[in-house]
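Chain by chain, the residues run as shown.
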Amino acid sequence: MLNIPIKDYFRETRIFNSRLSFTAVIVLLLCLTLLVRLVHLQVVSHTHYATLSQDNRINPVPIPPVRGMILDTNGVVLAQNYPAFTLEITPDQVDDMGALLGQLGGIIQLNETDLENFRKLLRTRPSFESLPLRTRLSDEEAARIAIQRPHLQGVELHARLQRHYPLGELGIHFVGYVGRINDEEMETINTSAYRGTQHIGKLGVERSYEDVLLGRVGIKSAVINAHGRGIGALEDQRIAPVAGKNIYLNIDAGMQALAENELGERRGAVVAMNPINGAILTFASTPTYDPNPFVNGIDVESYDALLENPDKPLINRALNGQYAPGSTIKPFLGLAALETGVFDTKERINCQGSFTLPGTSHRFRDWKKKGHGRMDLHDAIVQSCDVYFYNLAVGLGIDAMTDFLSRFGLGRKTGIDLLLESSGLVPSPEWKQSQPDGEPWYLGETVVTGIGQGPFLVTPLQLVSAVSVLANEGVRMRPRIVRATEDPITHELRDNVPEAATQIILSNEHNLDLIVQSMADVVHGEGGTGRRIGWDAKYKIAGKTGTAQVISIGQEETYDAETTPERLRDHALFIAFAPVDSPQLAVAVIVENGGGGSVAAAPIARKILDFYLLKRDKQGPARQVRGG
Amino acid sequence: MISLQHWHIDKPLLIGLILLSCISLLVLYSASLQAAAIPLGQLARLAIGFGVMLAVAQIRPEHLKRWSPYIFAIGLLLLLVVLAVGADTKGAQRWLNLGLFKFQPSEIMKLGVPMMTAWYLARQNLPPRSLQIGGAILIVLIPSYLIALQPDLGTALLITGSGVFVIFLAGMNWFTVIGLLALAGTAVPLVWTYLMHEYQRQRVLMLFDPTLDPLGAGYHTIQSMIAVGSGGFFGKGWLNGSQARLDFLPESSTDFIFAVFAEEFGLIGIVVLFSLYVFVVLRGLFIAFYAQETYARLLAGSLTLTFFLYFFVNIGMVTGILPVVGVPLPIISYGGSSIVTLMAAFGILMSIHTHRRIAQA
């Protein structure tokens, strides 16, 4: 006990004791503060609070606001609310849950999914909360429950508004869906705004425009009697909820349905945009899926089936699908060459089917084995000559290409009004060196970038945005899914105003004209790769086909679509705008493993353009909407 | 009769705690609308708590001192495990499921942090030099930060408090005290502007202005103030508090139990209750005052002051002068593992007071 180190024990004790006395005084002072507060509450303001307590027969209850609707540009409803009876159970008030569920199962139909979802809620939610067992009861079922209610302790029927997507699968990838608020969201939302609301936008417009759609919660003052039972409501103490705003999209549901039908069973994406104002008219990604089961929690099996589906329906290919642009990149690189003047576009290049860098043996092949012959820039775009663009790429250099392509918005987010957009990738030496293995950039990579291959990645949305720049004299508009929001009471519309994102200043207007003319000849000219859709068109289309390799072909091999397994076949791409003289619509189409762009992708673009430029005005809007 | 001293029990503390426990059972019976389950559950927890207190009181303070770093290390390890598991399930995680029962590692730290801080500072001459203060602050802030990550801000702040009490009692220079306060004062606006998300700011604002959320936290405060105020001087009488009866008062058995007490027993009852708490706190400070060894007195002082901090924050919250932060009223509130920790702390106080080096006269 004497192994205490030598300390100035007296000084230590003196300090400690003075500190302790100090805290004792503080403790007493703080107690006094509390007492003063309590005297104030219980003696000075006693009468005030006693009156409040007497009158305290009023319990504030939240009134959830009505969520705004989502409609297409012509007013076709894509998301709405309808009243439905929901059967809810408050676990606290139930003695024997098993027996109660059995009893309910005898009155109405309960399937395994309902029970499983309910058990999940039972485990995760507080037991005093009213938990839904079954939603969307029929009137008859509701009546049967109502009759039995006196024998069903803890069971309640609520008439609640249910979110419903009448067109089902149509446009799921931009409409999105709502679902129950989960724990993670609970952490980040303003909980006071969600009192009485159990759903929140999870995806698409439902999520991106959550603030607009939600509305503001109201408060109802429920009057209760001395036993605490509700006996009515005080109208004068009611704060009305404010309904969420309706959202009108730029999307044309008819065109959307056409695009989804044209893609059919194939995987792919179609995006159509008005190049002048950035309005997105079609935003299709296939396969699609039905959002309705997600509203009240999709069951595990159905969700797993969606997740494990090899066609990956949950992926939004228009927004997040990243593909090599292939030959669709050629008009942009052609403009780059004209604008920078580094590469001599006047001189013709003789294409003999392959290209070799000086001092190397690797042959970069042209898709046309025997070559295109003597090519200038115009011909090289029209016939999609790879060898010309290998030369152009080397002449231009990777830095100039990267810089110019970025100005078209490639390799970066377009700024569309949907969350979680992918940015794609325009490869560059800086990018490559920042990768984990830190490999240097090789000239061969510059060569393949010239035909849109290599690690080059773009999204269908970026492609339509880029081709719109050509159609809109160098101005890139920010793509917009939403056209306007509408106050549901006054019907006052507030437009989502078009805004320019970037502008490419051209040194010479003729450069752009030459590229557009080349693209028009792709579709209408002699030897054009897109002639298949041009010969009978009633208006002039400027387009460019593309084919993106999924597998690389060895030096001595040849690619044969017939013998290649479907999943390894090339992706088909097509970008276009029309009419050439006064562009009204730009389209980008990608068909995964579809083979050549002219065969698989271009005809879809033609149908979309026809619909917009010819049929739409005559037939009136939204004729081809699929039923829900 | 076997003397209480023989069992290392401090009679005044024991009496104070038993009286508080009785009040707890009475109020809980009323708050739970005469359902027996809640007071019985509380009785069981209190029984376990008193058992733990008795057991801890038998341990000599020297042993506690020697174990301090290990207890702290184990607590720290468990906090990291909890965070790792939490990160795995992508959700808030405070509990460690040990199969038979679940427990919160932050409970260990309620004792571990003051023990470790006292152990660390008592190794050298006091008052501590700046280097030691720096070390002690690290000992306090690392576990507090881990707990704040869980996220359990209330507990993190209280544990920080328990460590800060030790440093203060050890005799940290007054200039340093004021300097650190000033530093914290300047840090607040910086954190507010640069480190917090908009929704986090909203929540903090809501703490200070309950009317921003009349259906949530604001509702709690308004209803509890009505309960307390309507109790008046004499109270409405046991089992007669209408606020709790009619279910206006949320969480009437846990964080807002004091409102039930105030409504039913009035200012008179409150004075009695306060006297009991002050008595327990002063007894704890007395034990610290007469403790014979630096470690023991620092620990005793800190544990007592932390107990008072709980009391003060809870009453302040119920009477609407402090934001609603979810701190229970010690011993009276219906609550799980925290009662055991609390009683273990009193066990430590008793141990310190009853294991004296000089033979008893």
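For clarity, every value in this text was computed on a predicted model and none was experimentally measured.

Student: Explain the overall build of chain B to me, please; I cannot follow it from the model alone.
Tutor: When its secondary structure is counted, chain B shows 13 helices and 2 strands. Counting only residues that meet the buried cut, chain B has 53% of its 361 residues in that class. Partitioning the contacts of chain B with sequence separation of at least 6, the portion at a separation of at least 24 is 73%. For chain B, the computed accessible surface area is about 15,600 Å², with 72% contributed by carbon and sulfur atoms.

Student: Just to check I follow, could you spell out the pattern of salt bridges for this structure?
Tutor: Charged atoms that come close allow side chains of opposite charge to pair. Under the criterion given, the structure shown has 25 salt bridges over all chains. Lys 330 of chain A is paired through a salt bridge with Asp 386 of chain A; the nearest N and O atoms lie 2.6 Å apart. Here the residue Lys 330 of chain A occupies a position in helix 13 (residues 330–340), and Asp 386 of chain A occupies one in helix 15 (residues 386–396), the gap between them amounting to 56 residues. The residues Lys 330 of chain A and Asp 386 of chain A share a single accessibility class, namely buried. A salt bridge links Arg 60 of chain B to Glu 62 of chain B, with the nearest nitrogen and oxygen atoms 3.0 Å apart.

Student: Help me out: how do you make sense of the packing of aromatic side chains in this one?
Tutor: To describe a pair of aromatic rings, one takes the distance between the centres and the angle between the planes. Within this structure, the stated rule accounts for 26 aromatic pairs over all chains. Geometrically, the ring pair formed by Phe 355 of chain A and Tyr 390 of chain A is tilted, given 5.7 Å between the ring centres and 35 degrees between the ring planes. Of this pair, Phe 355 of chain A sits in strand 14 (residues 354–356) while Tyr 390 of chain A sits in helix 15, and the two are 35 residues apart along the sequence. Accessibility assignment for this pair places Phe 355 of chain A and Tyr 390 of chain A in one class, buried. For the ring pair Phe 307 of chain B and Phe 346 of chain B, a centre distance of 5.1 Å and an interplane angle of 80 degrees mean the geometry is edge-to-face. Within this pair, whereas Phe 307 of chain B is found in helix 12 (residues 294–318), its partner Phe 346 of chain B is found in helix 13 (residues 337–354), the two being separated by 39 residues in sequence. With relative accessibility at 3%, the residue Phe 307 of chain B sits in the buried group.

Student: Mind showing me how you'd approach the environment of Ala 272 of chain A here?
Tutor: Residues and elements named next belong to chain A. Considering the arrangement of structural elements, one finds Ala 272 in strand 11 (residues 268–273). Residue Ala 272 is classed as buried on the basis of its relative accessible area, which comes to 0%. With 21 residues separating them along the chain, Ala 272 and Ile 251 place their C-alpha atoms 9.1 Å apart. Each residue touching Ala 272, except ones within four places of it in the same chain, is listed here: Met 255, Ala 279, Ile 280, Leu 281, Thr 282, Val 464, Leu 585, Ala 586, Val 587 and Ile 608.

Student: Got a minute to help me understand empty space enclosed by the protein in this structure?
Tutor: Which parts of space are left empty comes out when a probe the size of a water molecule is rolled across the atoms. Residue and element names in this part refer to chain B. Applying the stated criterion across every chain yields a total of 3 cavities of 30 Å³ or more. Residue lining of the largest cavity: 23 residues in total, with Lys 110, Tyr 310, Ser 338, Thr 341 and Leu 342 positioned closest to the centre. Only helix 4 (105–122), helix 6 (153–169), helix 12 and helix 13 provide two or more residues apiece to the lining of the largest cavity. Per-element accounting of the lining of the largest cavity gives the leading share, 7 residues, to helix 13. When the residues that make up the lining of the largest cavity are grouped by side-chain class, the tally is 15 nonpolar, 7 polar and 1 charged. A domain split of the lining of the largest cavity shows at least three residues from each of domain 1 (1–58 + 198–354) and domain 2 (63–195).

Student: For this particular structure, what's the right way to read the nonpolar core?
Tutor: Across soluble globular proteins, nonpolar side chains have a tendency to be buried as a group. Of all hydrophobic cores here, the largest spans 131 residues; its most connected members are Leu 249, Phe 283, Tyr 388, Phe 408 and Ile 481 of chain A. Top element by residues in this core is helix 21 (residues 597–619) of chain A. It accounts for 10 residues. With 104 residues, the next largest nonpolar core counts Leu 121, Phe 261, Leu 267 and Ala 288 of chain B among its residues.

Student: I would appreciate a short explanation of the sheet that holds strand 21 (residues 542–548) of chain A in the present structure.
Tutor: Through backbone hydrogen bonds, the strands of a sheet pair up, either in parallel or in antiparallel fashion. All names here are of chain A. Read across the sheet, 5 strands follow the order 12-11-23-22-21 without closing on themselves; strand pairing throughout is antiparallel. Looking at which strands have only one partner, the edges of the open sheet turn out to be strand 12 (280–286) and strand 21. For this sheet the average axis-to-axis angle between neighbouring strands, irrespective of direction, equals 5 degrees. Bridge count for strand 22 (residues 571–578) against strand 23 (residues 585–591) is 7 bridges, and the pairing is antiparallel. Note that in strand 23 the partner of Ala 572 across the bridge is Val 591. Contacts from helix 10 (residues 253–263) reach strand 11, strand 12 and strand 23 within the one sheet, and its direction differs from that of strand 12 by about 30 degrees.

Student: Even after reading the chapter, I still don't get helix 1 (residues 11–31) of chain B, so can you show me in this structure?
Tutor: In an α-helix, one full turn covers 3.6 residues, which means residues spaced three or four apart are oriented alike. Residue and element names in this part refer to chain B. Along its 21 residues, helix 1 runs 30 Å from first to last C-alpha, staying within 8% of the 30 Å computed at 1.5 Å per residue. Buried within helix 1 are the following residues: Leu 13, Leu 14, Gly 16, Leu 17, Leu 20, Ser 21, Ile 23, Ser 24, Val 27, Leu 28, Ser 30 and Ala 31. The N-cap residue of helix 1 is Asp 10: its side-chain oxygen and the backbone nitrogen of Leu 13 are 3.2 Å apart.

Student: Help me understand the confidence of the model for chain A in this model?
Tutor: The predicted coordinates ought not to be read in detail in places where the model reports low pLDDT. Residues and elements named next belong to chain A. This prediction gives chain A a mean pLDDT of 86; 90% of its residues lie at or above 70. Low pLDDT, under 50, characterises residues 225–229; the predicted model gives this stretch 7 contacts beyond four residues in sequence or across chains. Within the model, pLDDT remains below 50 along residues 618–628, and this stretch shows 24 contacts once partners closer than five positions in the same chain are excluded.

Student: Can you help me understand the pairing of strand 4 (residues 131–137) of chain A in this one?
Tutor: Regular strands have side chains that alternate between both faces of the sheet. Residue and element names in this part refer to chain A. With 6 of 7 residues buried, strand 4 lies mostly within the body of the structure. As paired strands, strand 3 (residues 77–89) and strand 4 are joined by 4 bridges and run antiparallel to one another. Residue pairing across strands places Glu 88 opposite Pro 132, the latter belonging to strand 4.

Student: Can you walk me through the confidence of the model for chain B in this structure?
Tutor: Per-residue confidence for chain B averages 84 on the pLDDT scale, and 86% of its residues sit at or above 70. Element-level mean pLDDT values for chain B span from 61 in strand 1 (residues 96–97) of chain B up to 94 in helix 11 (residues 257–290) of chain B.

Student: What is the right way to read the state of the cysteines from this model?
Tutor: Two cysteines, two sulfur atoms, one covalent bond between them: this is a disulfide. Summed over all chains, the structure comprises 0 disulfides over all chains. In this structure Cys 351 of chain A is not part of a disulfide, and its nearest cysteine sulfur, from Cys 385 of chain A, lies 3.7 Å away.

Student: Just checking my understanding: could you explain the pairing of strand 21 of chain A for this structure?
Tutor: Residues and elements named next belong to chain A. Taken across its 7 residues, strand 21 has 6 buried, putting it largely inside the fold. Sheet analysis places strand 21 next to strand 22, joined by 7 bridges and oriented antiparallel. Its bridge partner lying in strand 22, Gly 543 is registered against Ala 576.

Student: Honestly, the packing of helix 1 of chain B against helix 11 of chain B in this entry has me stumped. Any pointers?
Tutor: Residues and elements named next belong to chain B. Between helix 1 and helix 11, whose axes approach to 10 Å, the crossing angle comes to 160 degrees. Between helix 1 and helix 11, the angle is such that the two are roughly antiparallel. Along this stretch, helix 1 crosses helix 11, giving a crossing that reads as left-handed. Residues Pro 12, Leu 13, Gly 16, Leu 19, Leu 20, Ile 23, Val 27, Leu 28, Ser 30 and Ala 31 of helix 1 lie in contact with helix 11, whose contacting residues are Ile 257, Val 260, Phe 261, Glu 264, Phe 265, Leu 273, Leu 276, Tyr 277, Phe 279, Val 280, Arg 283 and Ile 287. Here the contact of helix 1 with helix 11 is built from residues that sort into 18 nonpolar, 2 polar and 2 charged.

Student: Any chance you could explain the side chain of Arg 606 of chain A here in plain terms?
Tutor: Residues and elements named next belong to chain A. On the secondary structure map, Arg 606 appears in helix 21. Here Asp 536 takes part through its side chain, which lies 2.7 Å from a polar atom of the side chain of Arg 606. Those residues in contact with Arg 606 that sit more than four places away from it in its chain are Ile 533, Asp 536, Ala 537, Tyr 539 and Ile 541.

Student: What is the right way to read a nonpolar patch on the surface from this model?
Tutor: On the surface, Phe 22, Val 25, Ile 26, Leu 29, Leu 32 and Val 36 of chain A together with Trp 174 of chain B cluster together into a nonpolar patch covering about 640 Å² of accessible area. Top element by residues in the nonpolar patch is helix 1 (residues 9–44) of chain A. It accounts for 6 residues. In this structure, Phe 22 of chain A sits in helix 1. Overall, the relative accessible area of 37% leaves Phe 22 of chain A in the partly exposed class.

About the thresholds
- Residues numbered from 1 in each chain as written.
- Chains lettered and ligands numbered in written order.
- Predicted model: local features only at pLDDT ≥ 70, side-chain atom pairs only at ≥ 80, totals over all residues.
- Heavy atoms only, no water.
- Helix = DSSP H or I, 4+ residues; strand = E, 2+ residues; numbered from the N terminus.
- Buried < 20%, exposed > 50% of the residue type's maximum accessible area, 1.4 Å probe, protein only.
- Contact = heavy atoms within 4.5 Å.
- Areas by Shrake-Rupley, 256 points an atom, 1.4 Å probe, with all protein chains shown as cover.
- Salt bridge = Lys/Arg side-chain N within 4 Å of Asp/Glu carboxyl O.
- Phe/Tyr/Trp six-rings, centres within 6.5 Å; stacked < 30°, edge-to-face > 60°.
- 1 Å grid on protein atoms, 1.4 Å probe; cavity = no way out; pocket = protein on both sides within 12 Å on 5 of 7 lines; lining within 4 Å.
- Points joined across faces, edges and corners; volume = space filled by probe spheres on them.
- Nonpolar A, V, L, I, M, F, W, Y, C, P; charged D, E, K, R; others polar.
- Domains from an automatic or database assignment.
- Core = buried A, V, L, I, M, F, W, Y, C linked by side-chain atoms within 4.5 Å.
- Pairing = 2+ DSSP bridges.
- Axes fitted to C-alpha atoms, helices over the stretch in contact; angles between N-to-C directions.
- Expected span 1.5 Å × (residues − 1).
- Polar contact = N/O pair within 3.5 Å; in protein donor to acceptor, adjacent residues only side chain to side chain.
- pLDDT = per-residue confidence, 0-100.
- Disulfide = S-S within 2.5 Å.
- Parallel < 35°, antiparallel > 145°, perpendicular 65-115°, else oblique.
- Left-handed = near helix turned anticlockwise from the far one by under 90°.
- Patch = residues over 30% accessible without salt bridge, like charges linked within 9 Å, V, L, I, M, F, W, Y side chains within 5 Å.

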